[in-house]
Amino acid sequence: MTNKEIRTRIAPSPTGDPHIGTAYISIFNLAFARQNGGKFIIRIEDTDRERYIEGTDKIIIENLNWLGIEADESPEIGGQYAPYVQSKRLHIYKEYIKKLLDNESAYYCFCTKERLEGLRNTQIHSHTQPKYDKKCLSLTKEEVEINIKEGKEYVIRLNVKPGIDIKFNDLIRGEVSINTDSIDDQVLIKNDGFPTYHFASIVDDHLMKITHVIRGEEWISSTPKHILLYKAFGWEVPSFAHTSLLRNKDRSKISKRKNNTSILWYKEQGYLPEAIINFLILLGWSNPSGEEIISTHEFIKKFSFDRMTKSGPIFDIDKLNWINGVYIRKKSIDELKKLVKPYLKYDIKPSKLDKILKITQERIKKLNEINDLISFFVEDIFPPSELLHEKYDKETTDKILKFALKTLKDNGINKDSELKLKEHALQEKYNVGDFFMVIRIATCGRKVSPPLIDTLDILGIEEVEKRIQNSIGR
Ligand code: GLU
């Protein structure tokens, strides 16, 4: 490698909600740049005006920032090669397309939609690959000028020479070779005057001095076109790395229908940014140590292309839930309190909330579960009779509850009482688990709760008495 500054970029299109796949690609671009003391750039590719949705560019960047993905140069931050939004760079593309027209790497095409459709249908019918037939390549300069003067609509196409093997060495996949026979004369400038993605991104990657293009696998078949463009300009071709696509459980490309693809959803559910990033890292890269919990900082140190996944990783939300739980458990109670605050619908005294969180932390997988997990501390509970009497008949249940209440009142809510209750259960030949379950259901209204004595301690003896009395005789 030369000692040129390493520069990577992501180039999201503002066409909707911030996509989890954008975060996935970003983390590898960021890691490689940071590892090499280089720069990571965000560029907004908004040349597809039909799919453009106003405001989504800002939301994409905001949410990447929320995930801890911060660029060195971007529309917000600016930089040496600003503007970083393609719709503000139209004058640049105009200037550069002239060079390709001048050296005959590109040509005007005035074919109508109807002609192109007809051509396509004939080709499909005769089982040949649908491709433009270069009809307009034979127009003379004069004919082109006349057409333009007459106001005929046109596009500008890349003149792809047939029969050439385009090879490149993908940093993840090794050598890739595609013959130009399978490449269409790509439109570079559309009839609305905007460049296509292919043209604009090559011009920008060159001008922004991008050294490594790390992007999704879906672009691999476009790369030969891009290489042709670099060559047509006489520019140095950057290195390419195509990451494998995230997949639904059925191995299809990750989609809204089968997975939540918007970063906004993950935020709402209460996934922590560091957990999401950790999860995405593991999807695309395998840790040589085999460890599954890894910080961005450590990932940057360890990243290498040869450990990138080549086959499509399955987006397994259960795994994310597990990782999120791990990160939640790492939080201090003060941190956790701040994190759950936006989700919490109850007004709980801070000292009580501290106690509740301390015994609940273990069980939180997503922050939005907090209300369900702790509701019984705050709301009145009415344990359903079938739950209350699931293990024992009414008479036995009442007996257990009366004994429990007396023990707790006489000795207080503490370990000593817990021991006494256990001894009693053993003596009377109850199943200890079932015995405590009766008390849990009477006081918490549910089968699962944090450790019982700690829970009762937070409820306080008055509340415990009220709840047990309510359950006796039910
Ligand atoms: N604008 C493209 C996208 O939305 C960028 C592809 C690339 O990275 O070259 O994915």
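Residues numbered from 1 in each chain as written. Predicted model: local features only at pLDDT ≥ 70, side-chain atom pairs only at ≥ 80, totals over all residues. Heavy atoms only, no water.

### Side note on the overall build of the protein chain
Note the cut-off: A run of H or I in DSSP counts as a helix once it spans at least four residues, and a run of E counts as a strand once it spans at least two, with each numbered from the N terminus. The reference for a compact globule is 2.2 Å times residues^0.38; the radius of gyration itself is calculated from the C-alpha atoms. Residue exposure (1.4 Å probe, protein chains only): buried if accessible area is under 20% of the type maximum, exposed if over 50%, otherwise partly exposed. All accessible areas in this document rest on Shrake-Rupley with a 1.4 Å probe, and a residue is counted as covered only by the protein chains that are shown. This count recognises Lys and Arg as positive and Asp and Glu as negative, with His and chain-terminal groups excluded. Every charge is mapped onto a representative atom, which is NZ of Lys, CZ of Arg, CG of Asp or CD of Glu.
Along the backbone of the protein chain there are 20 helices and nine strands. Radius of gyration (C-alpha) of the protein chain: 32 Å, far over the 23 Å computed for a compact globule of 474 residues. A principal-axis box enclosing the C-alpha atoms of the protein chain has dimensions of 105 × 50 × 35 Å. Out of the 474 residues in the protein chain, the part that is buried amounts to 50%. When the accessible surface of the protein chain is split by element, carbon and sulfur atoms take 50% of a total near 23,600 Å². Positive and negative side-chain charges in the protein chain, numbering 75 and 70 respectively, have mean positions lying 1 Å apart.

### Section: the environment of Leu101
Using the following cut-off: Here, two residues are considered to be in contact whenever any of their heavy atoms come within 4.5 Å of each other.
With respect to the helices and strands, the residue Leu101 is situated in helix α3 (residues 90-102). You can call Leu101 buried: its relative accessible area is 18%. Spatially, the C-alpha atoms of Leu101 and Ile156 are 8.6 Å apart, while their sequence positions differ by 55 residues. Excluding residues that lie within four positions of it along the chain, Leu101 makes contacts with Ala106, Tyr107, Tyr108 and Ile156.

### Quick notes on the nonpolar core
General note: in soluble globular proteins, nonpolar side chains tend to be found buried as a group. Applied cut-off: The criterion is simple. A nonpolar core is a set of buried Ala, Val, Leu, Ile, Met, Phe, Trp, Tyr and Cys residues joined through side-chain atoms within 4.5 Å.
Within the largest apolar cluster, 96 residues are counted, with the highest numbers of intra-cluster contacts made by Phe28, Leu280, Phe299, Phe303, Phe315 and Ile374. Take this core: its biggest share by element is ten residues, from helix α1 (residues 20-35). Ignoring any residue separated from it by four or fewer positions in sequence, one finds Phe299 in contact with Ile27, Phe28, Ala31, Ile281, Trp285 and Ile294.

### So, the environment of Asn368
Mapping Asn368 onto the fold places it in the loop between α13 (350-360) and α14 (370-378). Considered as a pair, Asn368 and Tyr343 are 25 residues apart in the sequence and their alpha carbons are 5.8 Å apart. Once you skip the residues sitting within four places of it in the chain, Asn368 turns out to touch Glu268, Gln269, Gly270 and Tyr343.

### Topic: the packing of α3 against helix α7 (residues 223-233)
Condition: For every element, the axis is a line fit to its C-alpha atoms; helices are fit only across the contacting stretch, and the angle between N-to-C directions ranges from 0 to 180 degrees. Relative orientations are named as follows: roughly parallel for angles under 35 degrees, roughly antiparallel for angles over 145 degrees, roughly perpendicular for angles from 65 to 115 degrees, and oblique for any other angle. Ten residue types, Ala, Val, Leu, Ile, Met, Phe, Trp, Tyr, Cys and Pro, are classed as nonpolar, four, Asp, Glu, Lys and Arg, as charged, and the remainder, Gly among them, as polar.
For the pair α3 and α7, interaxial distance at closest approach is 10 Å and the crossing angle is 80 degrees. Looking at the two axes, α3 sits roughly perpendicular to α7. Contacts from Tyr96, Lys99 and Leu100 in α3 reach Leu229, Ala232 and Phe233 in α7. Grouping the amino acids of the contact of α3 with α7 by side-chain chemistry returns five nonpolar, no polar and one charged.

### A closer look at the packing of aromatic side chains
In this description, an aromatic ring pair is defined by two values, namely the gap between the centres and the angle between the planes. Which entries qualify depends on this criterion: Only rings of Phe, Tyr and Trp enter the pairing, Trp through its six-membered ring, and a pair is recorded when the two centres are within 6.5 Å. The plane angle decides the type: under 30 degrees is stacked, over 60 is edge-to-face, the rest tilted. Whether a charge sits over a ring depends on NZ of Lys or CZ of Arg being within 6 Å of the ring centre and within 35 degrees of the ring normal.
Under the defined criterion, the tally for this structure stands at 27 aromatic pairs. Centre to centre, the rings of Phe110 and Tyr154 are 5.8 Å apart; their planes meet at 65 degrees, and the pair counts as edge-to-face. In this pair, Phe110 is assigned in the loop between β3 (106-109) and α4 (113-125) and Tyr154 in the loop between α5 (141-149) and β4 (155-158), connecting sequence segments 44 residues apart. Note on Tyr154: relative accessible area 29%, which makes it partly exposed. Taken together, the aromatic side chains of Tyr24, Phe28, Phe32, Trp285, Phe299, Phe303 and Phe305 make up a single cluster linked through ring pairs. Residue placement shows Lys330 over the ring face of Tyr327; its charged tip is 5.0 Å from the ring centre.

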